[in-house]
Amino acid sequence: MKQDFSLPANSHKKILVFRPSVRVGAQSTGGLFEPNAEWTEKAKANIEAALSRFQDKLGNEVVTAPEAFGDDARALQEHMSLFAAVSDAVIQYQFFVGNRLPTKKRNNKAGIFDWSLGEGVASLPGAKDADYGLFIFNQDAYGSTGRKVLQIVALMGGISVTSGEHRGYAGLVDLKTGDLLWLNADQQMGGDVRDPQGSEKRVAQLLEDFPGSTIAKAPVQ
């Protein structure tokens, strides 16, 4: 969380929830992501339904971003991709002290949380009428049969090979400045997003410790 930022419950701040970016597919034998349209559509519907059930627990007024079309849709997609890239950078350079970027190596031993999506967020659909934006990125790659066989063979040779990748990021952004204020990021999340119960678990994990919320700690995978 960004230093000196707080968002108590009932603060009269408005949170704009953007439609989550969801990608689901298989992990090939070589480790490449192979998108699956059917799985992705199921996951999108499941995650959006679960998210709507959690919105009244976020502690402040929550509104859903309007449907985006044309240039607005492209701008939103670009910012979703940017959010995922920034989240990856936070995981690599902020969460692990030894990898901290020179610009993040301030006098604070824990490191300064100083990341941004840029002021362009202010022009996203619905942004002018809200204080903060909630971005959610989710990507699941389920290990293919070939990948699972490779994992077993590699293990026999004393080599570690993962089968499946499950990345989930949720971030709260200041819609005036683009500053990233809070981030929950995990590259090995639980819950199978292809079914409603798994998506419920995933969204609970993503929103765990959200500022001002009453969301209980998500169950351990």
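Above: the structure in question.
Residues numbered from 1 in each chain as written. Predicted model: local features only at pLDDT ≥ 70, side-chain atom pairs only at ≥ 80, totals over all residues. Heavy atoms only, no water.

### Structural notes on unusual backbone geometry
Move 1: Of note, the phi angle at D4 is positive, near 70°, even though the residue is not glycine.
Move 2: Within the secondary structure, D4 is located in the segment before β1 (14-17).
Move 3: Although it is not a glycine, N10 sits at a positive phi angle of roughly 60°.
Move 4: Positionally, N10 belongs in the segment before β1.
Move 5: Classification of N10 as exposed rests on a relative accessible area of 65%. (Helix = DSSP H or I, 4+ residues; strand = E, 2+ residues; numbered from the N terminus. Buried < 20%, exposed > 50% of the residue type's maximum accessible area, 1.4 Å probe, protein only.)

### With respect to the packing of aromatic side chains
Move 1: For the structure shown, the criterion picks out 6 aromatic pairs.
Move 2: Ring plane angle 80° and centroid distance 5.8 Å describe the contact between F5 and Y132, whose orientation is recorded as edge-to-face. One end of the pair, F5, is in the segment before β1; the other, Y132, is in strand β5 (residues 132-143), with 127 residues separating them in the sequence.
Move 3: You can call F5 buried: its relative accessible area is 14%.
Move 4: What makes Y132 buried here is its relative accessible area of 11%.
Move 5: For the ring pair F137 and Y169, a centre distance of 5.7 Å and an interplane angle of 25° mean the geometry is stacked. Taken as a pair, F137 in strand β5 and Y169 in strand β6 (residues 165-174) lie far apart in primary sequence, 32 residues in all.
Move 6: Take F137: its relative accessible area is 7%, and that puts it in the buried class.
Move 7: Pairwise contacts between aromatic rings join F18, F83 and F135 into one cluster. (Phe/Tyr/Trp six-rings, centres within 6.5 Å; stacked < 30°, edge-to-face > 60°.)

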